[in-house]
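Close look at the chain arrangement
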Protein chains: 2
Amino acid sequence: MRVMLTVSYDGTNYCGSQVQENGITIEEVLNRELSRFFDQNIKVSGASRTDSGVHAIGAVFVFDVETKMPAEKISYALNVSLPDDIVVIHSKEVSSDFHPRFQKTSKTYEYFILNSDFPNPLLRNYTYHYRKFLDDKKMNEAAKFLIGEHDFTSFAAIGSQTNTFVREIFDAGVRRDGDLIVFYITGAGFLYNMVRIIVGTLVEVGNGKRKPSEMKEILEKKDRSAAGPTAPAQGLVLREITYKE
Amino acid sequence: MRVMLTVSYDGTNYCGSQVQENGITIEEVLNRELSRFFDQNIKVSGASRTDSGVHAIGAVFVFDVETKMPAEKISYALNVSLPDDIVVIHSKEVSSDFHPRFQKTSKTYEYFILNSDFPNPLLRNYTYHYRKFLDDKKMNEAAKFLIGEHDFTSFAAIGSQTNTFVREIFDAGVRRDGDLIVFYITGAGFLYNMVRIIVGTLVEVGNGKRKPSEMKEILEKKDRSAAGPTAPAQGLVLREITYKE
């Protein structure tokens, strides 16, 4: 049967989600523990890539397995042997033709900025610390220009390989909770580094370097150099992936 | 001059705050970096002990130094060389007879419980994960019995060395924010493990094992075995120390 896992992880100590040569990844740990548990060679397939240091609350992975164990119980069984920075929060059976990347989805990312004089050591791996005051209302105003279907070339890492740079954003905004500024964005899909480049640009709106309306102009330029820098990885969390079945 | 530092730290990788033989502590790191920076043998004196794994947002340390540097600038200078899990958020000169432990103070601790089906890997070092539903309203009701001057023998670790087990609590309570339950307590002083034993007992109120009014009876018994277990270290944060000058 095909099983879908919803996985939370702290990306601090991993080289991202996808298997690669540079170091240990989330997929590798899942493959290792699933293969061990079921005594079969199991390879998970992820719904989206996260970079080194990026976190997830609701990442999705799919794998095939021969077992009589109810799919719902796999999460509990797997958590026993997983390291405590990876937790499977849900497991269920999906149809055999379900593929996590080729299905219609809605993904939500959140990015956390700690806007304070001094960093907070308890939040150091989960926020981007920014000292100068950021105007979250202006950042929110700028974020609204992202909603809709746009060509996001300006907000994609140079050299991104993709058929099209057009992506649809369903919702985006910025809210403040004390010293914490949270950027949230929900869309059908994202380009490589897109959320982090958007945040780097929104920070330049928040600190007064750019006007909120510049977001529209940056989109129209279709040029990476028109946007701001790529914000650091540790503030980014893949919050949720929803499948429309 | 005598300098007071307000320090935030992530206690995960330290054997508590006070210098001891078992491993590296917050005081040791402060002593090392201050001695190096001022090229003098400097020893800090802490306002309160925190155990291994316990965190602080506003811990207070005092030290004497010969320098012309304005005390206010020491925080910035020190943060350059401190590891990123220790941050000095404030520094100021205090009178030469100021001692952080013998002054009248008010200390606030917070304890964070994640009350959810599955643990959250991003909060694993900063919360106590508790699966079964906790009734925060009942926990809050129980916490109110702590307010005032009481003999806290029942809530002190066995073998605690102290002249008196009487402590004054100015405020205490429990609030819920989604899956997160926060216990807060402010008092003139605390016994060894007191906050963690209180939390262990409040959890037994929250899960229905005890009634809120039992807190009063436990206090009256003056017997550690009347109270609940000691809650784990990682949920505890020393929030603030206020000096009444």
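Everything here concerns the structure above.
Residues numbered from 1 in each chain as written. Chains lettered and ligands numbered in written order. Predicted model: local features only at pLDDT ≥ 70, side-chain atom pairs only at ≥ 80, totals over all residues. Heavy atoms only, no water.

The next thing to look at is the pattern of salt bridges. A pair can form between side chains of opposite charge whenever their charged atoms are brought close. What the rule picks out here adds up to 26 salt bridges over all chains. Put simply, D84(B) and R124(A) hold a salt bridge, and the shortest N to O gap is 3.4 Å. Taken together, the residues span two chains, with D84(B) in the loop between α2 (71-81) and β4 (86-94) and R124(A) in the loop between β5 (105-115) and β6 (128-130). Each member of the salt-bridge network shares a partner with another, and the members are E204(A), K209(A), R210(A) and E214(A). (Salt bridge = Lys/Arg side-chain N within 4 Å of Asp/Glu carboxyl O. Helix = DSSP H or I, 4+ residues; strand = E, 2+ residues; numbered from the N terminus.)

With that settled, the discussion passes to the packing of aromatic side chains. Enumeration over the complete set of coordinates arrives at 14 aromatic pairs over all chains. Arranged with centres 6.0 Å apart and planes meeting at 70°, the rings of Y128(B) and Y130(B) form a pair that is edge-to-face. Relative accessible area serves as the criterion here: at 15%, Y130(B) is assigned to the buried category. Taken together, the ring pairs connect F37(A), F38(A) and F63(A) into an aromatic cluster. (Phe/Tyr/Trp six-rings, centres within 6.5 Å; stacked < 30°, edge-to-face > 60°. Buried < 20%, exposed > 50% of the residue type's maximum accessible area, 1.4 Å probe, protein only.)

For the rest of this paragraph, the subject is the relation of the copies chain B and chain A. For these two chains of identical sequence, chain B goes onto chain A by a turn of 180° and a shift of 0.0 Å along the axis, with RMSD 0.0 Å. Expressed as a symmetry operation, the mapping of one chain copy onto the other fits a two-fold axis. Minimal C-alpha separation from the rotation axis in chain B is found for L123(B), amounting to 4.9 Å. A shared interface surface links the copies, since 100% of the contact residues of chain B are contact residues in chain A too. (Least-squares fit on C-alpha atoms with pLDDT ≥ 70 in both. Contact = heavy atoms within 4.5 Å.)

With that settled, consider the pairing of strand β3 (residues 55-64) of chain A. Residue and element names in this part refer to chain A. Burial within β3 is extensive, with nine of its 10 residues counted as buried. Pairing of strand β1 (residues 2-9) with β3, which is carried by seven bridges, proceeds in the antiparallel orientation. Pairing of V3 across the sheet is with F63, part of β3. Bridging between strand β2 (residues 45-46) and β3 involves two bridges; their strand directions are antiparallel. Each bridged residue has a counterpart across the sheet, and for S45 the counterpart in β3 is V62. Pairing of β3 with strand β10 (residues 236-243) involves two bridges; the strand directions are parallel. Bridge assignment links A56 to a residue of β10, and that residue is L238. (Pairing = 2+ DSSP bridges.)

Okay, the layout of surface pockets next. The computed volume of the largest pocket comes to approximately 1700 Å³. In this structure, the largest pocket is lined by 46 residues; those nearest its centre are F112(A), L123(A), L180(A), L123(B) and L180(B). Among the elements of the structure, β5, β8 (166-177), β9 (180-187) and β10 of chain A together with β5 (105-115), β8 (166-177), β9 (180-187) and β10 (236-243) of chain B are those that each provide at least two residues to the lining of the largest pocket. For the lining of the largest pocket, the per-class residue count stands at 25 nonpolar, nine polar and 12 charged. (1 Å grid on protein atoms, 1.4 Å probe; cavity = no way out; pocket = protein on both sides within 12 Å on 5 of 7 lines; lining within 4 Å. Points joined across faces, edges and corners; volume = space filled by probe spheres on them. Nonpolar A, V, L, I, M, F, W, Y, C, P; charged D, E, K, R; others polar.)

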